[in-house]
Amino acid sequence: MLVTVERETGGSWRAVDVRGDPDHPVTRGFLCAKVDRYLERTYHPDRLARPLRRVGAKGEGRFAPLSWDDALDEIAARLKRVVHESGPQAVLPYSYAGTMGLIQGSSMDRRFFHRLGASLLDRTICSTAGGVGMQMTVGQNVGTDTEAVGDAKLVVLWGTNTLTSNPHLWPLVRAAREQGAPVIAIDPLTTRTTAQCDRHFMIRPGTDAALALGMMHVIFAEGLADRDYLERHALGADALEARVREYPVERVAEITELPAGDIRWLAREYARAKPAFIRVNYGLQRHAGGGMAVRCIASLPAVAGHWRHPAGGVQLSTSAAHKFDKAALERFDLIPPGTRTINMSRLAEALAEPGAGVGGPPVRALVVYNSNPGAVAPDRARVRRGLAREDLFTVVLEHFVTDTALFADLVLPATTQLEHWDVHLAYGHYYVTLNRPSIAAVGDALPNSEIFRRLAARMGFDEPCFRDSDKQMIRQALASGHRHMEGITFERLLEHGWARLNLPSPWAPYAEGGFATPSGKCELYSERLASRGLDPVPTYTPPRESREENPSLAARYPLALISPPAHQFLNSTFVNVDSLRKKAGAPTLRIHPDDAAPRAIADGLTVRCYNDRGGFRARAVVTVEVKRGVVQAPSIWWGKFASDGMNANETTSLALTDMGGGATFYDNLVEVAPAD
Ligand SMILES: Nc1nc2c(c(=O)[nH]1)N[C@H]1C(S)=C(S)[C@@H](COP(=O)(O)OP(=O)(O)OC[C@H]3O[C@@H](n4cnc5c(=O)[nH]c(N)nc54)[C@H](O)[C@@H]3O)O[C@H]1N2
Ligand SMILES: Nc1nc2c(c(=O)[nH]1)N[C@H]1C(S)=C(S)[C@@H](COP(=O)(O)OP(=O)(O)OC[C@H]3O[C@@H](n4cnc5c(=O)[nH]c(N)nc54)[C@H](O)[C@@H]3O)O[C@H]1N2
Ligand SMILES: [Mo]
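In this report, the structure presented in the accompanying data block is examined. Just so it is clear, the structure is predicted and the values come from calculations on it, not from any experiment.

**What to know about the side chain of R453**
- Take R453: it is sitting in helix α18 (residues 448-459).
- Non-local contacts of R453, meaning those with residues more than four positions away in its chain, are made with M108, F466, D468, S469, D470 and M473.

**Quick word on the site of ligand 2**
- In the vicinity of ligand 2, 30 residues are found, and the nearest of them are R41, E398, S563, S572 and T573.
- N370 has a polar side-chain atom sitting 3.1 Å from a nitrogen atom of ligand 2.
- Note that an oxygen atom of ligand 2 is positioned 2.5 Å from one of the side-chain N or O atoms of S572.
- The fraction of the free accessible surface of ligand 2 (920 Å²) that becomes covered by protein chains is 97%.
- Per-class residue counts for the shell around ligand 2 are 12 nonpolar, 15 polar and three charged.
- The residue makeup of the shell around ligand 2 includes at least three contributed by each of domain 1 (7-125 + 338-488) and domain 3 (551-674).

**Here's the deal with the site of ligand 1**
- Around ligand 1, the surrounding shell holds 32 residues, and the nearest of these are D187, D208, F569, N571 and Y666.
- One of the side-chain N or O atoms of T160 is found 3.1 Å from an oxygen atom in ligand 1.
- Between ligand 1 and Y282 there is a distance of 2.8 Å, counted from an oxygen atom to a backbone nitrogen or oxygen.
- Notes on ligand 1: free accessible area 900 Å², of which the protein chains cover 97%.
- Its residues assigned to classes, the shell around ligand 1 shows 16 nonpolar, 12 polar and four charged.

**Considering empty space enclosed by the protein**
- This structure, assessed with the given rule, holds two cavities of 30 Å³ or more.
- As a volume, the largest cavity reaches approximately 60 Å³.
- Lining the largest cavity are P587, T588, F616, R617, A633, P634, S635, W637, M646, N647 and A648.
- Per-class residue counts for the lining of the largest cavity are seven nonpolar, three polar and one charged.
- In this structure, the second largest cavity occupies an estimated 40 Å³ of space.
- For the second largest cavity, the full set of lining residues is G206, T207, D208, A209, L284, H287, G289, G290, A293 and T541.
- Sorting the residues of the lining of the second largest cavity by element identifies α8 (208-221) and α13 (290-304) as the ones contributing at least two each.
- Of the residues that constitute the lining of the second largest cavity, the class distribution is three nonpolar, six polar and one charged.

**Points about the sheet that holds strand β3 (residues 52-54)**
- Strand order in the open sheet formed by six strands is β4-β3-β16-β15-β14-β5, and the pairing between neighbours is mixed. Two strands close off the open sheet at either side, each with one partner strand: β4 (63-65) and β5 (91-95). Pairs of neighbouring strands in the sheet enclose a mean axial angle of 20°, with direction left out of account.
- Where β5 meets strand β14 (residues 365-369), five bridges bridge the pair, whose relative direction is parallel. Its bridge partner lying in β14, P93 is registered against V367.
- Packing against the sheet, helix α2 (residues 68-86) makes contact with β3, β5, β14, β15 (393-398) and β16 (410-413), and its axis sits at approximately 130° to β16.

**A word on the sheet that holds strand β17 (residues 422-424)**
- The sheet built from three strands is open, its strands ordered β17-β18-β19 with antiparallel pairing. Taken across any chain shown, the strands that pair with only one partner, and hence form the sheet edges, are β17 and β19 (498-500). The mean inter-strand angle of the sheet, taken between neighbouring strand axes irrespective of direction, is 15°.
- Across the face of the sheet, helix α19 (residues 470-478) comes into contact with β17 and β18 (431-435) while running at roughly 25° to β17.

**Observations concerning unusual backbone geometry**
- The step from K274 to P275 runs through a cis peptide bond, and the omega angle for that step is 5°.
- In this structure, P275 sits in the loop between α12 (260-272) and β11 (276-280).
- Put simply, S505 and P506 share a cis peptide bond, and its omega is -5°.
- By the secondary structure assignment, P506 is in the loop between β19 and β20 (522-523).

**Regarding α19**
- The set of residues buried in α19 consists of D470, M473, I474, A477 and L478. Each buried residue of α19 lies within a common arc of 140° when the element is viewed along its axis, so the set occupies one face.

**What to know about the packing of helix α4 (residues 108-116) against α18**
- Here α4 crosses α18 at 25°, and the two axes come no closer than 8 Å. By the angle between their axes, α4 is roughly parallel relative to α18. When you trace α4 past α18, the crossing you get is left-handed. From α4, M108, D109, F112, F113 and L116 reach across to α18, where they touch S449, F452, R453, L455, A456 and M459.
- Tallied by class, the residues present in the contact of α4 with α18 amount to eight nonpolar, one polar and two charged.

**Thoughts on the side chain of D109**
- Counting through the fold element by element, D109 comes out in helix α4.
- Look at D109 and you get buried, because its relative accessible area is 1%.
- Polar side-chain contacts of D109 include one of 2.7 Å to the side chain of Y369.
- Setting aside residues no more than four positions away along its own chain, D109 makes contact with I103, Y369 and F452.

Rules and cut-offs
- Residues numbered from 1 in each chain as written.
- Chains lettered and ligands numbered in written order.
- Predicted model: local features only at pLDDT ≥ 70, side-chain atom pairs only at ≥ 80, totals over all residues.
- Heavy atoms only, no water.
- Helix = DSSP H or I, 4+ residues; strand = E, 2+ residues; numbered from the N terminus.
- Contact = heavy atoms within 4.5 Å.
- Near = heavy atom within 4 Å.
- Polar contact = N/O pair within 3.5 Å; in protein donor to acceptor, adjacent residues only side chain to side chain.
- Areas by Shrake-Rupley, 256 points an atom, 1.4 Å probe, with all protein chains shown as cover.
- Nonpolar A, V, L, I, M, F, W, Y, C, P; charged D, E, K, R; others polar.
- Domains from an automatic or database assignment.
- 1 Å grid on protein atoms, 1.4 Å probe; cavity = no way out; pocket = protein on both sides within 12 Å on 5 of 7 lines; lining within 4 Å.
- Points joined across faces, edges and corners; volume = space filled by probe spheres on them.
- Pairing = 2+ DSSP bridges.
- Axes fitted to C-alpha atoms, helices over the stretch in contact; angles between N-to-C directions.
- Buried < 20%, exposed > 50% of the residue type's maximum accessible area, 1.4 Å probe, protein only.
- Arc of directions from axis to C-beta.
- Parallel < 35°, antiparallel > 145°, perpendicular 65-115°, else oblique.
- Left-handed = near helix turned anticlockwise from the far one by under 90°.

Encoded structure:
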């Protein structure tokens with residue numbers, strides 16, 4: 001991102017424009033809809049400029065400013081007291097994707113909490129199910145090189161809304177299509193993306209594993225498998241072939257609610273295109289069987305031999321190829337042995353009445369940064385009950401008074417990406433990016449790293465690592481010695497802004513095998529899964545909230561709710577940016593006419609969407625663009641922008657995925673009724 005600054009009277013710099021870097025081979029000079037409005041957000045009148053102390057009740061939002069010294073002294077004193085009375089594990093850090101920069105997201109903060117001995121946080125809320133599904137199959141969350149995608153002969157966009165959530169892939173999808181590649185979407189909803197595809201399969205949510213198994217059934221049965229690749233580079237092809245015999249097309253049609261003919265067509269086209277590319281993404285792994293679903297899909301390119309070509313294969317992420325020195329950044333060696341880990345997707349449980357469910361001391365102090373769990377975490381009502389606990393000491397580092405900050409005892413103003421140093425990996429390409437500050441901090445805001453540096457000094461942590469500057473930490477991150485990072489230096493990044501990992505271009509990661517699994521092969525049979533008590537062979541796990549798994553629940557709550565990102569927001573970030581919120585409109589719920597009619601729901605009516613966990617109001621949009629039996633509530637609204645103060649996470653559950661302990665946001669049965 002290139003920032004244009006102008007000198008203001010008084011001499012300071014003001015950012016006046018942000019744009020994509022036209023030289024960047026993947027982002028090609030354009031920003032997504034929301035980051036395009038980054039200045040409106042940076043200079044927003046509500047932007048936090050000073051530390052605040054709560055003066056009203058929790059959740060009420062009445063605060064008074066105080067100095068940094070007073071705020072940090074108070075926090076240090078409170079943390080020391082909690083540690084003294086209940087042990088350090090009574091402190092819980094909570095952070096996720098506000099910034100994904102390594103310095104402002106996982107460096108000084110981690111050192112601080114590791115040295116303190118705080119509870120560890122398992123960061124599962126987004127991607128761990130699919131990540132583990134990839135690890136168990138290809139060994140790591142590394143897939144097809146984005147830049148090669150234009151040469152694919154068939155593109156499957158599987159559980160992803162590319163034009164909204166990953167727009168920089170689109171030019172490459174278009175390039176493939178211009179050369180004749182059909183582009184196929186698999187999604188229960190019509191989206192901006194599916195509307196641009198040649199075919200759209202409206203699959204029943206949570207059944208993608210069955211579709212992949214059915215495709216492999218056809219591929220094996222019709223002699224379309226790449227036996228040579230399987231023999232040389234896969235483990236367990238026989239076990240897989242036996243398994244997919246259990247998934248004939250007719251059975252898969254029943255499970256997925258897709259026509260048998262379409263499944264057969266897809267399998268044949270997929271196998272014959274040399275090569276075919278699958279962009280699988282995180283949407284379809286937010287279900288109970290999400291890990292297995294990704295594993296089944298990740299098995300396809302080995303079976304059809306698509307990894308042979310740089311443009312073939314699967315991409316869930318590219319993150320794991322970025323080999324930064326995490327040990328140096330985060331200092332795992334400072335963690336006291338035996339420290340417990342709390343799963344962030346179950347924050348509601350961790351904050352519930354003292355100690356419930358997590359074992360060990362109750363959480364008495366919560367330090368939130370880069371995250372807004374009061375809006376984004378599942379079972380929001382319970383999360384908020386936890387945040388409202390009088391005996392919980394809560395600190396929130398933020399840009400704004402979010403749904404979470406409303407409950408804070410102290411709110412600390414943090415810098416944005418225009419105001420601090422950072423270095424980034426990517427999860428959609430193979431480039432490292434340096435983040436240089438372009439303006440001074442707005443108000444008295446400080447970088448997360450500096451806040452934890454100052455807190456460390458107050459806690460008496462005197463190891464030299466607590467005095468490292470951000471620039472020093474960037475150098476430490478780059479100096480991993482891994483061959484992917486060779487030649488990527490701070491100086492080079494300063495000069496150029498970004499650098500491709502030291503990889504061939506284009507890169508075909510598994511053309512000659514070289515899988516990062518214990519066997520070095522694509523593990524279609526996984527000993528590691530067997531040892532975890534899971535099926536070692538790809539299989540289908542039905543959604544947890546479904547007619548198969550819980551018929552009585554499905555009878556009471558027959559509709560499957562999907563609450564995916566909005567085009568104009570980034571999770572709960574940007575919801576308070578007026579221009580974007582205007583475009584997003586009010587909270588809506590899309591519902592099929594056949595589901596709307598028996599409920600007396602007309603287009604535009606205010607409805608309530610609910611289950612036993614809670615509910616929220618939205619304006620009904622009656623449309624055939626959602627699958628029958630599925631409803632969609634886009635975006636994670638803030639309480640203050642919704643008429644009832646609620647959002648979709650009132651209905652989502654604490655249940656976890658089969659692998660990686662992930663959240664199951666889209667495995668969620670509800671009922672919908674007119675609001676009044
Ligand atoms: N504009 C915008 N972009 C974003 C974000 C944002 O909030 N806004 N968030 C960012 C983040 S943190 C992430 S993790 C990514 C998420 O982006 P993606 O990985 O693309 O995931 P989702 O948007 O959750 O879901 C993508 C699609 O999957 C579909 N889906 C849901 N369940 C199923 C299923 O069972 N099977 C199939 N086949 N499809 C299903 C949904 O209908 C949706 O259209 O986007 C990133 N980009
Ligand atoms: N129902 C439902 N719930 C979901 C999802 C869904 O699809 N449906 N998606 C899930 C997914 S994929 C994800 S990744 C999570 C995301 O959940 P979060 O990680 O909580 O992401 P955001 O909602 O964007 O909130 C990030 C916060 O960090 C703040 N922030 C940004 N930069 C900085 C910084 O440098 N310093 C500090 N201190 N703060 C900063 C922002 O102001 C913002 O309030 O939500 C999950 N929740
Ligand atoms: Mo995410």
